[in-house]
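Residues per chain are reported as follows:
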Amino acid sequence: RRLAERQMVPTFLPASSASPPSASVTSASLLRLALSPQQLGEFEPVGAAHTVEAREARRVQLYDYSGEAPIPFREMWDVQRAMVDGHLGRLTAELKESKTKEPGRRRTTVPPLVASSQFLSIDVGGGATDVVDDGEEPAAAAGGHDRVIMLQHAPVYTLGTGSDPGFIKSASEGGELSDVVDVVRIERGGEVTYHGPGQLVVYPILDLRGYRQDIHWYMRALEEAILMALKSVGVQGATREDDVTGVWVSGRKIAALGIKARRWVTMHGLAVNVDERSLANFEGIVPCGLVGRDVCCVNDHLEKPITVDEFARNMKDALEHVFEMRLVTHP
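In what follows, the accompanying structure is described. This is a predicted model, so every value here is computed, not measured. Every chain begins its residue count from 1, and numbering advances along the sequence as written. Totals for whole chains, interfaces and linings use every residue, but because this is a predicted model, local features are given only for residues with pLDDT of at least 70 and side-chain atom pairs only at 80 or more, for both listing and counting. Where side-chain values are given, they derive from all heavy atoms of the structure, hydrogens and water being excluded.

**A closer look at the sheet that holds strand β1 (residues 59–64)**
Stated precisely, the cut-off is as follows: Paired strands are those between which DSSP finds at least two bridges. Secondary structure follows DSSP: runs of H or I at least 4 residues long count as helices, runs of E at least 2 residues long count as strands, and numbering of each begins at the N terminus. Here the axes come from fitting lines to C-alpha atoms, over the contacting stretch only for helices, and the angles between their N-to-C directions go from 0 to 180 degrees. In this description, contact between two residues means that some pair of their heavy atoms is separated by no more than 4.5 Å.
Pairing is mixed in the open sheet, where eight strands are placed in the order β7-β8-β9-β10-β6-β2-β1-β11. Taken across any chain shown, the strands that pair with only one partner, and hence form the sheet edges, are β7 (238–241) and β11 (326–329). Ignoring which end each strand starts from, the neighbouring axes of this sheet average 25° apart. Sheet analysis places strand β8 (residues 244–249) next to strand β9 (residues 252–262), joined by three bridges and oriented antiparallel. Residue pairing in the sheet places Val249 in a bridge with Arg252 of β9. Docked against the sheet, helix α6 (residues 215–233) engages β6 (199–205), β7, β8, β9 and β10 (265–273), running at close to 145° with respect to β9. Relative to β6, helix α7 (residues 308–323) is tilted by about 30°, and along the sheet it contacts β1, β2 (147–151), β6, β10 and β11.

Here's what the structure looks like:
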């Protein structure tokens, strides 16, 4: 399986020549960020035109709770599923509409869907503050538009669909899975990981038809956004590693990825350890099933510590650059 990924996964290069998210990220560093043999080939840009107009057309709603109290995992899991269901409903409606436009014609292939309908209207959130107030809470966000959620979670261990519960150390020792931290098995890929205060979690709910229909590309794009955000706050030496997903600094894992896609609509996403609180409960697991590997946080590599919401602002800029999108903040 890993050999196949080595053959299929493209190297990620920045999506466009637009200005980087921070002045500290030089143009040279944007040309090629910490590439490894895991990513073979050359990355092709998201779109054909690298213009301000093209970026503005890809407008995505941002729910930023990174500076607020930690949110229980199960609560946000339900929100993600509601958003994905909204996308699937939109796709079903568009497919039905495309068929009615040409009645009586026999189709041998599914007609292309209009990806532009997944984005916010160009006149939504177009003011100087780039904030949109549509009166909609995330749990009710079932309209089928792309959305990105940033937050901190209350302490939780999550297991992927095929994860081994033995990587939760108390379980491997014959005890209960956890006496303190909640344990949830979810529908993403990957092994066990931890989410908690001090860690930035990002959930992109994106229809990849509007970007690139390639899951390997998407994983590399998330990694690239993390690398750019780390660089922009002053973390040096962040890199990918051969045969594994995520981002590493000096051999220690600083960011993890785990996703699921339904009909090219993504859920779950990435987590970056920002401050020391994020490391507390990793001792209870074998992170991502990688025996003998340690974890670290952003503040381990900075002279002046930053907060989770400060890092989130850099993550927002990096996502906009990599995915050639404009994130429109929900108040």
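Right, picking up where we left off after that structure.
**What about the packing of aromatic side chains?**
As a reminder of what qualifies: Ring pairs are drawn from Phe, Tyr and Trp, using the six-membered ring of Trp, whenever the two centres fall within 6.5 Å, and their geometry is named by plane angle: stacked under 30 degrees, edge-to-face over 60, tilted for the rest. Each residue's exposure class comes from its accessible area (1.4 Å probe, protein chains only) as a fraction of the maximum for that residue type: buried when under 20%, exposed when over 50%, partly exposed otherwise.
According to the stated counting rule, one finds seven aromatic pairs in the structure shown. Where Phe73 meets Trp77, the ring centres are 6.0 Å apart and the plane angle is 45°; that geometry is what we call tilted. Placement of both Phe73 and Trp77 in helix α4 (residues 73–100) is noted, with a separation of four residues, approximately one turn of the helix. Residues Phe73 and Trp77 agree in their burial class; the two are buried. Judged by centre distance (5.7 Å) and plane angle (90°), the ring pair of Trp217 and Phe323 falls under edge-to-face. Here the residue Trp217 occupies a position in helix α6, and Phe323 occupies one in helix α7, the gap between them amounting to 106 residues. Phe323 matches Trp217 in its accessibility class, with the two residues each being buried.

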